[in-house]
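# Structure assessment
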Amino acid sequence: MRKSLTILLLVAIAGAAGATWYLTAGKAGKETKVLETARLGRGTVRATLEATGIIKPEVGAIVKTGSRATGLIKKMYVRVGDRVKQGDLIAEIDDREQQASLAEAEATLRKSKAELSRVETVYPLQIKEARAQVKATQAEGDYLQLSLKRKKELVRQKLDSQDSLDDARQKFSVSRNTQKAREATLKRLETEYHLESRKAREAVAAAEAALRSIQVRITYTTIYAPIDGVVSQVAAQTGETVVAGLEVANLITILDPTRLEMWIYVDETDVGQIHPGLPVEFRVDAYPDRVFPGTVDQIYPEPEIRDNIVYYQALVRLAPETATALRPEMTTQCTVIIQQKDDVLALPNEALKWVDGAQFVFVPNGDGTVRRVSPKLGLAGQTNSEVLEGLAEGDELAVKIILPTGGSRKKP
């Protein structure tokens, strides 16, 4: 596929010169005969590069949609070729098992909330009761302490017995120990309340997380279109069982037909002429009479080797209206427009003849003779070339001519 610009020009010139040689070979004579002429006029000259390409979907233009849920496909809503919009329901999977898990998770959450409510209600009451008991014990202790003090004074004055003092001392000691016990009970209840409350809250949070997890898993049973596009593949139908393991089970593939691009494989000898921004024209076998436009977007740095020939991939962006008429993997015949000049003197390449190793143009004089002109050429195109000097607009040019056999000719 080595089709450099120079080779294309030589091929075109060779075709024209070859036709001349065919007409003159074996015809001895000294007369010059012009068989066909053309007028030199203004037109467009384009230097082009021919290459082969292929239509590919852009990254993200094909999305494989599947399910992380295991179960029976309850309903498949689409078929291959159907157009879908993002968010459309395209398949449903039987969710009875997930619904049962949802009910269980909801019951667990209610139970956890009930336990939290119990802790938040009962423990404050127990703590309040324990604090009241501590206060009552403190008051009783204060009274017994005063009573013990009075008993001591009475015994000192021999107004009361020693037994009465011992009894008062014993009651005060019991009251003080009771107070310590009730204070310990209060502290224990406060600690338990803190721990049980935190435990109950954590249980509620865990139950809520489990419920959310079940709710997320239920969403896996309803499959929606992730993008706008056309259904290109359907891997399962209603009634089939989907088994989701470590990987998502792919069910439906959707293609966005407006997001296609073209890969052109450019020979290493021609890649220096290609750069982003160059216009591209291409055809496909499905529409042989239609020319599609495109623009070179980038040239990939890594090569691709095919049959020991090095190619570089050029990426061509396509407009949505162009992409919708094409299909992925279509082969294209591309013409990259390297340079184009409009409204210039456009000399048909078939008018260029090789004589004695040089290129000339033969101009009829009107009297049966011709004159040989060596014009100065500019941009060389595939079918015509730009004339800078040596010829004028309207000149009649010989495109098919029989040259005298006595002259020195070179077959191209």
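First, a word on scope: everything that follows refers to the structure included in this document. Because the structure is a prediction, the values reported are computed rather than measured. (Residues numbered from 1 in each chain as written. Predicted model: local features only at pLDDT ≥ 70, side-chain atom pairs only at ≥ 80, totals over all residues. Heavy atoms only, no water.)

## Details of the packing of helix α2 (residues 96–156) against helix α3 (residues 162–219)
To be explicit about the condition: Axis lines are fitted through C-alpha atoms, for helices just across the contact stretch, and the angle between N-to-C directions can take any value from 0 to 180 degrees. In this description a helix means any DSSP run of H or I spanning at least four residues, a strand means any run of E spanning at least two, and both kinds are numbered starting from the N terminus. Relative orientations are named as follows: roughly parallel for angles under 35 degrees, roughly antiparallel for angles over 145 degrees, roughly perpendicular for angles from 65 to 115 degrees, and oblique for any other angle. Definitions for this section: a left-handed crossing has its near helix turned counterclockwise from the far helix by less than a right angle. A right-handed crossing has that turn clockwise. Each residue receives one of three labels: charged for Asp, Glu, Lys and Arg, nonpolar for Ala, Val, Leu, Ile, Met, Phe, Trp, Tyr, Cys and Pro, and polar for the others, Gly being one of them.
The N-to-C vectors of α2 and α3 enclose an angle of 165°; their axes lie 7 Å apart at closest approach. As summarised for this structure, α2 and α3 are arranged roughly antiparallel, according to the angle between their axes. The chirality of how α2 crosses α3 is left-handed. Per-class residue counts for the contact of α2 with α3 are 27 nonpolar, 18 polar and 18 charged.

## Description of the nonpolar core
The condition that has to hold: Throughout this description, the term nonpolar core refers to a set of buried Ala, Val, Leu, Ile, Met, Phe, Trp, Tyr and Cys residues connected via side-chain atoms within 4.5 Å. For each residue, the accessible area found with a 1.4 Å probe, counting protein chains only, is set against the maximum for its type, and the residue is called buried under 20%, exposed over 50%, and partly exposed in between. Residue contacts are counted whenever heavy atoms from the two residues lie within 4.5 Å of one another.
Ranked by internal contacts, the top residues of the largest apolar core, which has 24 residues, are Ile 55, Met 262, Ile 264, Val 280, Phe 282 and Leu 326. Counting only elements with at least two residues in this core, the list comes to β2 (41–57), β11 (260–267), β12 (279–284), β13 (287–306), β14 (309–317) and β15 (331–348). In this structure, Phe 282 is in contact with Ile 55, Met 262, Arg 290, Val 291, Phe 292, Pro 293, Leu 318, Thr 322, Leu 326, Thr 332, Gln 333 and Cys 334, ignoring residues within four places of it in sequence. Formed by 18 residues, the second largest nonpolar core is a distinct cluster that contains Ile 73, Val 78, Leu 251 and Ile 252.

## Concerning the sheet that holds strand β17 (residues 358–364)
Put simply, the rule is: When DSSP locates at least two bridges between a pair of strands, those strands are taken to pair.
One open sheet holds the 3 strands; their spatial order is β16-β17-β18, and the pairing between them is antiparallel. Lying at the two open borders of the sheet, with one neighbouring strand each, are β16 (352–355) and β18 (370–373). On average, each strand axis in the sheet is tilted by 45° relative to the strand beside it, whichever way the strands run.

## Some details on the sheet that holds strand β3 (residues 62–67)
The 4 strands lie next to each other as β3-β10-β8-β5, forming an open sheet whose pairing is antiparallel. Each end of this open sheet is capped by a strand with a single partner; those strands are β3 and β5 (83–84). When β3 meets strand β10 (residues 249–255), the two strands line up antiparallel, connected through 6 bridges. The residue bridging Ile 62 from the neighbouring strand is Leu 255, located in β10.

## Considering a nonpolar patch on the surface
To be explicit about the condition: Patches here are clusters of residues that have more than 30% relative accessible area and form no salt bridge, with a 9 Å joining cutoff for like charges and a 5 Å cutoff for nonpolar side chains (Val, Leu, Ile, Met, Phe, Trp, Tyr). Using the Shrake-Rupley algorithm and a 1.4 Å probe, accessible areas are obtained, with residue cover drawn only from the displayed protein chains. One speaks of a salt bridge when a side-chain nitrogen belonging to Lys or Arg is within 4 Å of a carboxyl oxygen belonging to Asp or Glu.
Side chains of Tyr 77, Leu 89 and Tyr 224 sit close together on the surface and give an oily, nonpolar patch of about 280 Å² of accessible area. Checked against the element boundaries, Tyr 77 lands in the loop between β4 (71–76) and β5.

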